[in-house]
Amino acid sequence: MSLAALDDITDAVRATKRFLTPVDRVRWFRLAVVLFFLGGASLSFPGVPTTGFGGGTDAPDPAPGAPAGPDITPQVTPELVALILGVVVVGLAAFLLYSVVGATMEFAFVTALRDEEVRLRRSVRRYWRRGLRLFAFRFVVWVVTVAAIAAVVLGTGAALGGWPPTAWSDGTILAVVLVAIPVFVLTALVVGTLLGFTTMFVVPVMLVEDRGVLSAWRRFWGTLTAEPLEFLAYLVLSFLLGIGVSIAVGFLIVLLAIALAVPFLIVGAPLGFALAMAGGGTAVGALILVLALLYGLLAFVGSLLIQVPFGTFLRYYGLFVLGDADPEFDVIPDARAAVRTDGGDDGDDRDGDGAAGAAAGEDPGGSTPGENLRPDDRDTDADVGWNVDREDRGRDDDDADRR
């Protein structure tokens, strides 16, 4: 028996090509913003020192009899404590805001692939409540996970070595470590699968049927249990594809970093040398700082753009698998119809032969014509019939939403 999860890889590639070509800079940059909030930017390269500036050696001890150096140990004052707490609060608030926006962007990403149009502000306004629900679900899952791991690890240590942990012997610590390793691995697999399925499959169900996270999970659970082999195959294949994508993205980011470094060195080295010869030490430092910031910004944006086709492909793959497992959850019927009739080669005619064939009664996507015509937001009349006349509806939208 052929598994749809195998064939959907090819369909996802074709749909990605259809969506992203011909290259539209606005669309690519908007998708890069989406991927940024989805955690798609990673600029930590191997070999970068993480111990701060300067060498990694300790300062030499003063010679016997030599006067001690000045005491530079900071004194703990109420002002210092307030400053540290303020920094922690601001950092935590920024992280929470980033996480909430990231959860909202999950819906924006699926909507963009559904409508084949990326509208960030409109999506944020429409889906921020669902983003809050998704963020709350993820937060609760992580809190429960951390609490469960801590309970198992500390409980094991207390049973073997008593309490408190400072009284544990070396043998007890070793036993706790041996118990903690498989617990961490098993928990990572379970929680990773839970959150991954939530992102790939439950979020589309929330959009299609206007449900909350738990309600969408209950709705999706019937499909999951009805087609276990499909989703098991998806789990294995997506893991392998993720490894391949990570390798490809990492390789391209390294090439990008090298390519960007060449013009910076060609321009910056002679200019810095000329400023140094003129005695402008401060100017040299300012030049290095400006060039470093500009280089980092370009590398950051470039890495996001590199990940646009890969992230789009992986999300399309999950949506194809979900729609094949249960046509009621098919979020991308137009793309499915297009790539399964003409291969999706005609990227300009997005409502052409594939969608026309489906509207005429053909069934290239394996679904009954018209069964997927539902709004993603039942309280929004403008979205009724989102699967048809997308171009006419798009022309009626406010131009500000396209900027």
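Predicted, not measured: the structure shown is a model, and the values here were computed from it. (Residues numbered from 1 in each chain as written. Predicted model: local features only at pLDDT ≥ 70, side-chain atom pairs only at ≥ 80, totals over all residues. Heavy atoms only, no water.)

With respect to the overall build of the protein
Reasoning step 1: Helix and strand counts for the protein stand at 11 helices and 0 strands.
Reasoning step 2: Ordered by position from N to C terminus, the α and β elements of the protein give α-α-α-α-α-α-α-α-α-α-α.
Reasoning step 3: Within the span of the protein, comprising 403 residues, buried residues form 38% of the whole.
Reasoning step 4: By sequence separation, contacts in the protein at least 24 residues apart represent 74% of the contacts at least 6 residues apart.
Reasoning step 5: For the protein, the computed accessible surface area is about 22700 Å², with 70% contributed by carbon and sulfur atoms. (Helix = DSSP H or I, 4+ residues; strand = E, 2+ residues; numbered from the N terminus. Buried < 20%, exposed > 50% of the residue type's maximum accessible area, 1.4 Å probe, protein only. Contact = heavy atoms within 4.5 Å. Areas by Shrake-Rupley, 256 points an atom, 1.4 Å probe, with all protein chains shown as cover.)

Re the packing of aromatic side chains
Reasoning step 1: According to the stated counting rule, one finds 20 aromatic pairs in the structure shown.
Reasoning step 2: Measuring from ring centre to ring centre gives 6.1 Å for Phe107 and Tyr127, while their planes differ by 25 degrees; the resulting arrangement is stacked. On the criterion of sequence distance, the pair formed by Phe107 in helix 3 (residues 78-115) and Tyr127 in helix 4 (residues 120-161) is long-range, its members being 20 residues apart.
Reasoning step 3: Overall, the relative accessible area of 1% leaves Tyr127 in the buried class.
Reasoning step 4: Here the aromatic rings of Trp217 and Phe220 are separated by 5.5 Å at their centres, their planes lie at 65 degrees, and the arrangement is edge-to-face. Taken together, the residues span about one helical turn, with Trp217 and Phe220 both in helix 6 (residues 213-226) at a distance of 3 residues.
Reasoning step 5: On the basis of relative accessible area, Trp217 is assigned to the buried category, the value being 13%.
Reasoning step 6: A connected cluster of aromatic rings, assembled from ring pairs, spans Phe197, Phe201, Trp217, Phe220, Phe231, Tyr234, Phe313 and Tyr317. (Phe/Tyr/Trp six-rings, centres within 6.5 Å; stacked < 30°, edge-to-face > 60°.)

Focus on the confidence of the model for the protein
Reasoning step 1: Across the protein, pLDDT averages 78, with 73% of residues at or above 70.
Reasoning step 2: Here residues 41-60 scores under 50 on pLDDT; set against residues more than four positions off or in separate chains, the count is 12 contacts.
Reasoning step 3: Scored below 50 in pLDDT, residues 347-403 makes 102 contacts in the model with residues more than four places away or belonging to other chains. (pLDDT = per-residue confidence, 0-100.)

Some words on the nonpolar core
Reasoning step 1: Among the nonpolar cores identified, the biggest contains 62 residues, and Phe197, Phe201, Trp217, Phe220, Phe231 and Tyr316 are the most heavily contacted of them.
Reasoning step 2: When residues in this core are grouped by element, the largest group, 11 residues, is from helix 5 (residues 170-209).
Reasoning step 3: Not counting chain neighbours up to four residues away, the residues in contact with Phe201 comprise Phe220, Phe231, Tyr234, Gly318 and Leu322.
Reasoning step 4: Formed by 6 residues, the second largest nonpolar core is a distinct cluster that contains Ile149, Trp168, Ala180 and Val183. (Core = buried A, V, L, I, M, F, W, Y, C linked by side-chain atoms within 4.5 Å.)

Considering helix 6
Two residues of an α-helix separated by three or four positions point the same way, owing to the 3.6 residues in each turn.
Reasoning step 1: For helix 6, with 14 residues, the first-to-last C-alpha span of 20 Å sits near the 20 Å given by 1.5 Å per residue.
Reasoning step 2: Largest kink in helix 6: about 30 degrees, centred on Phe220.
Reasoning step 3: For helix 6, the set of buried residues is Val213, Ala216, Trp217, Phe220, Thr223 and Leu224. (Expected span 1.5 Å × (residues − 1). Bend = angle between axes of the 7 residues up to and from the residue.)

Some thoughts on the side chain of Arg138
Reasoning step 1: With respect to the element layout, Arg138 can be found in helix 4.
Reasoning step 2: Among the polar contacts listed, one links the side chain of Arg138 to the side chain of Glu106, at a separation of 3.0 Å. (Polar contact = N/O pair within 3.5 Å; in protein donor to acceptor, adjacent residues only side chain to side chain.)

Things to note about the pattern of salt bridges
Reasoning step 1: What the rule picks out here adds up to 14 salt bridges.
Reasoning step 2: For Asp324, the salt bridge is made with Arg340, and the minimal N-O distance between the two is 2.9 Å. Of this pair, Asp324 sits in helix 8 (residues 281-325) while Arg340 sits in the loop between helix 9 (333-339) and helix 10 (353-359); the two residues are 16 residues apart in sequence, bridging distant segments of the chain.
Reasoning step 3: Judged by relative accessible area, which is 25%, Asp324 ranks as partly exposed.
Reasoning step 4: If you follow the salt bridges from partner to partner, you end up with Asp8, Asp11, Asp324, Asp330, Arg336 and Arg340 in one network. (Salt bridge = Lys/Arg side-chain N within 4 Å of Asp/Glu carboxyl O.)

Notes on the environment of Tyr317
Reasoning step 1: In this structure, Tyr317 sits in helix 8.
Reasoning step 2: A residue is classified by how much of its surface remains accessible, and Tyr317, at 1% relative accessible area, is buried.
Reasoning step 3: In this structure the side chain of Tyr317 is engaged in a polar contact, spanning 2.7 Å, whose partner is the backbone oxygen of Ala5.

Description of unusual backbone geometry
Reasoning step 1: The linkage connecting Thr21 with the following residue, Pro22, adopts the cis geometry, with an omega of -5 degrees.
Reasoning step 2: Tracing the chain through its elements places Pro22 in the loop between helix 1 (4-20) and helix 2 (25-37).
Reasoning step 3: Phi at Glu116 is positive, roughly 55 degrees, even though this residue is not glycine.
Reasoning step 4: With respect to the helices and strands, Glu116 occurs in the loop between helix 3 and helix 4.
Reasoning step 5: Judged by its relative accessible area of 4%, Glu116 falls in the buried class.

Let's talk about a nonpolar patch on the surface
Reasoning step 1: Among the surface-exposed residues, Leu229, Leu232, Leu235, Val236, Phe239, Leu240, Ile243 and Ile247 lie close enough to one another that they form a single nonpolar patch of about 770 Å² accessible area.
Reasoning step 2: As for its placement among the helices and strands, Ile247 is situated in helix 7 (residues 228-277). (Patch = residues over 30% accessible without salt bridge, like charges linked within 9 Å, V, L, I, M, F, W, Y side chains within 5 Å.)

Notes on the environment of Ala158
Reasoning step 1: Here Ala158 is to be found in helix 4.
Reasoning step 2: Distance in space between the C-alpha atoms of Ala158 and Trp168 is 8.4 Å, their sequence separation being 10 residues.
Reasoning step 3: In contact with Ala158, other than residues within four places in its own chain, are Trp163 and Trp168.

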